[in-house]
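# Inside the fold
Next come the chains, spelled out residue by residue.
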Amino acid sequence: MADNFMGYQRKDGSVGVRNHIAIIPSVFCSAKVAERIAFQVPGSVYFRHPVGCSQVGEDLEVTAKTLIAIGKNPNFAGVVVVGLGCERFSPYELAEGIAPSNKMLETVVIQTEGDSLAAIQKGSKIAREMQQIASRQIREKVPASELMIGLNCGGSDMTSGLIANPALGYASDKLVAQGGTSILSEITELIGTEDILARRAVNDQVAAEIRETIFRTEEKLRRQTQNSSNKERTHLISTGNYAGGLSSVVEKSLGSMKKSGNASFNGVIKYGHQPDKKGLFLLDSPGHDGEVSTGQVAAGAQMILFPTGRGTPTGFPGIPVIKITGNPNTYIKMKENIDINAGQVLTENKSLEQMGEEIYQEILDVASGRLVKSEVLGHDEQFCVTRLP
């Protein structure tokens, strides 16, 4: 039996679970103008970032692909691109990249308008008109196969790998079985699991790509730790992970991979790229929470599932981030930030399968419009474009 949710049909065939107007600066110089535009138009979100200029080569290309992909994400009914006018990543190139999504799209350039006040005035008028049009669109019943979720985590403790991550893995498997898409990432926190994950690949080529992706990250970390001037900076997990009961990056990795359940991997995605089919994928990205979420949203994810043993309040602009904890004490302390208490496995004898069902139902409910706590509180810290050396 096919499951459904109520979503927003887009002209390019994709489906959004939110209906925001995105205000995207092409360069850090126009970030404040983008912010002021968003603040004047309820229902719009802005994307502050420190990139778009003084970059070269693949570093600039990854920035360009990521910002374009963010603009194409189906959670945004329209996009206002805000540029300065002299940056290396042109605002017109950004808009041209978003255009194939056939959504509402306009460009405001500060140097063309004359000053920041004029740009804010023009951008606000455009965004307000877009929001009025977007407000007329109604949700429609669509199959769960149209959903793409990102699997991320942060502030892990010993309950993450034992409870929250496996329960999320159950929900991920169920969505994939419905024809949906799920994205595992955080390569720095999958070290030591390459053979286990490769055995789940659909073919030998994907298995080789999984191993190569993890080995490449491991070699990068080896170089960085060997060259560190401060040996206290060489730990591969945080002090909070140690305090939460994790002993090493391998132990953390063995728990982290459980977010992906048991489904087969259909491929490995490069940062800033999108999968060409449905199913479970591995995204090549660092372990930084923000860079991971940003890569997953750029891949097309309409929401992020985020287990956290120690607790975190962070969110993403225009993208619901569902927080799950396997630690009942964390849920009590951070109840205003955590959406699902998977610690009921410990306190109420619920099974991992029961918690997985609860998480899966939450995915459908949030996709149909239920706000998560990070949205209600306005958290948007997780937007962070990765950089290449």
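Parameters at a glance
Residues numbered from 1 in each chain as written. Predicted model: local features only at pLDDT ≥ 70, side-chain atom pairs only at ≥ 80, totals over all residues. Heavy atoms only, no water. UniProt positions renumbered as here; feature names shortened; annotations may be inferred. Helix = DSSP H or I, 4+ residues; strand = E, 2+ residues; numbered from the N terminus. Rg over C-alpha atoms; globule rule 2.2 N^0.38 Å. Buried < 20%, exposed > 50% of the residue type's maximum accessible area, 1.4 Å probe, protein only. Salt bridge = Lys/Arg side-chain N within 4 Å of Asp/Glu carboxyl O. Pairing = 2+ DSSP bridges. Axes fitted to C-alpha atoms, helices over the stretch in contact; angles between N-to-C directions. Contact = heavy atoms within 4.5 Å. Core = buried A, V, L, I, M, F, W, Y, C linked by side-chain atoms within 4.5 Å. Right-handed = clockwise from strand over helix to strand, strands pointing away. 1 Å grid on protein atoms, 1.4 Å probe; cavity = no way out; pocket = protein on both sides within 12 Å on 5 of 7 lines; lining within 4 Å. Points joined across faces, edges and corners; volume = space filled by probe spheres on them. Nonpolar A, V, L, I, M, F, W, Y, C, P; charged D, E, K, R; others polar. Phe/Tyr/Trp six-rings, centres within 6.5 Å; stacked < 30°, edge-to-face > 60°. Lys NZ or Arg CZ within 6 Å of the ring centre and 35° of its normal.

An unreviewed UniProt entry lists the chain under the name Galactonate dehydratase, with Peribacillus saganii given as the organism. Under Sequence similarities (unreviewed entry), UniProt gives the following word-for-word description of the chain: "Belongs to the UxaA family."

## Here we look at the overall build of the chain
Tallying secondary structure elements over the chain gives 15 helices and 14 strands in all. Against the compact-globule benchmark of 21 Å for 389 residues, the chain has a radius of gyration of 20 Å, which places it among compact chains. Taking the principal axes of the C-alpha coordinates as reference, the chain spans close to 60 × 50 × 45 Å. By residue count, 57% of the 389 residues in the chain fall in the buried class.

## Quick look at the pattern of salt bridges
The final tally for this structure, using the stated rule, is 19 salt bridges. Ionic pairing is found between glutamate 35 and arginine 48, a salt bridge with its closest N-O pair at 2.4 Å. Placement of glutamate 35 in helix α1 (residues 31–40) and of arginine 48 in the loop between β4 (44–46) and α2 (57–72) is noted, with a sequence separation of 13 residues between them. Its relative accessible area of 41% is what places arginine 48 among the partly exposed residues. Connected through shared salt-bridge partners, Lys32, Glu35 and Arg48 make up one network.

## Here's the deal with the sheet that holds strand β3 (residues 20–25)
Reading across from one edge, β4-β3-β5-β6 is the order of the four strands in this open sheet, with parallel pairing throughout. Bordering the open sheet on either side are β4 and β6 (104–109), each of which pairs with just one other strand. For this sheet, the mean inter-axis angle between neighbouring strands, taken without regard to orientation, is 20°. As paired strands, β3 and β4 are joined by three bridges and run parallel to one another. Counted as the bridge partner of alanine 22 is valine 45 from β4. Contacting β3 and β5 (76–83), α2 runs over the sheet at an angle of about 165° to β3. Those strands touched by helix α5 (residues 116–134) are β3, β4, β5 and β6, and its axis lies near 175° from that of β6.

## Examining the nonpolar core
Residues Leu305, Ile322, Ile324, Ile359 and Ile363 are the most contacted members of the largest nonpolar core, which totals 45 residues. Broken down by secondary-structure element, the contributors of at least two residues to this core are β8 (148–151), α6 (158–177), α7 (194–198), α8 (204–226), β11 (279–283), β12 (303–307), β13 (321–325) and α14 (352–367). Setting aside its immediate chain neighbours within four residues, leucine 305 contacts Ile149, Gly150, Leu151, Asn152, Leu168, Ile322, Ile324, Ile359 and Ile363. Residues Ala64, Ala95, Val297 and Phe306 belong to the second largest nonpolar core, which totals 27 residues.

## As for the pairing of β3
With five of its six residues buried, β3 lies for the most part within the structure. This β-α-β element, β3 to α1 to β4, shows right-handed connectivity.

## Quick look at the layout of surface pockets
Empty space among the atoms can be located by rolling a probe the size of a water molecule over them. Approximately 790 Å³ is the volume attributed to the largest pocket. Thr217, Lys220, Asp284, Ser285 and Pro286 are, among the 30 residues lining the largest pocket, the residues nearest its centre. For the lining of the largest pocket, the secondary-structure elements that each account for two or more residues are α2 and α8. When residues of the lining of the largest pocket are assigned to their parent elements, the largest contribution, seven residues, is made by α8. For the lining of the largest pocket, the residue count by class is eight nonpolar, 11 polar and 11 charged. The volume enclosed by the second largest pocket comes to roughly 460 Å³. Together, 24 residues line the second largest pocket, and Ser14, Pro74, Met148, Ala299 and Gly300 are the ones closest to its centre. Those elements giving two or more residues to the lining of the second largest pocket turn out to be α2 and α11 (289–299). Residue classes in the lining of the second largest pocket are distributed as nine nonpolar, nine polar and six charged.

## Focus on the packing of aromatic side chains
Each aromatic ring pair is characterised by the separation of its centres together with the angle its planes make. Considering all chains together, one arrives at five aromatic pairs under this definition. With centroids separated by 5.8 Å and ring planes inclined at 90°, the aromatic side chains of phenylalanine 39 and tyrosine 46 adopt a geometry described as edge-to-face. Taken together, the ring pairs in this structure connect Phe47, Phe76, Phe316 and Phe383 into an aromatic cluster. Residue placement shows lysine 323 over the ring face of phenylalanine 306; its charged tip is 5.8 Å from the ring centre.

## Overview of the sheet that holds strand β1 (residues 4–9)
Strand pairing in a sheet relies on backbone hydrogen bonds. The paired strands run either parallel or antiparallel. Taken in spatial order, the three strands make up an open sheet running β2-β1-β7, and their pairing is antiparallel. In this open sheet, the two strands that pair with only one neighbour each are β2 (15–16) and β7 (140–143). Two strands pair when backbone bridges link them, and β1 and β2 are joined in this way by two bridges, in the antiparallel orientation. Within β2, the position partnered with tyrosine 8 by the bridge is glycine 16.

## Overview of the UniProt feature "domain: D-galactarate/Altronate dehydratase second" (unreviewed entry) in the chain
When the UniProt feature table is mapped to this numbering, "domain: D-galactarate/Altronate dehydratase second" (unreviewed entry) covers residues 7–134. Structurally, residues 7–134 is divided into 45% helix and 22% strand, and its ends, taken at the C-alpha atoms, are 13 Å apart.

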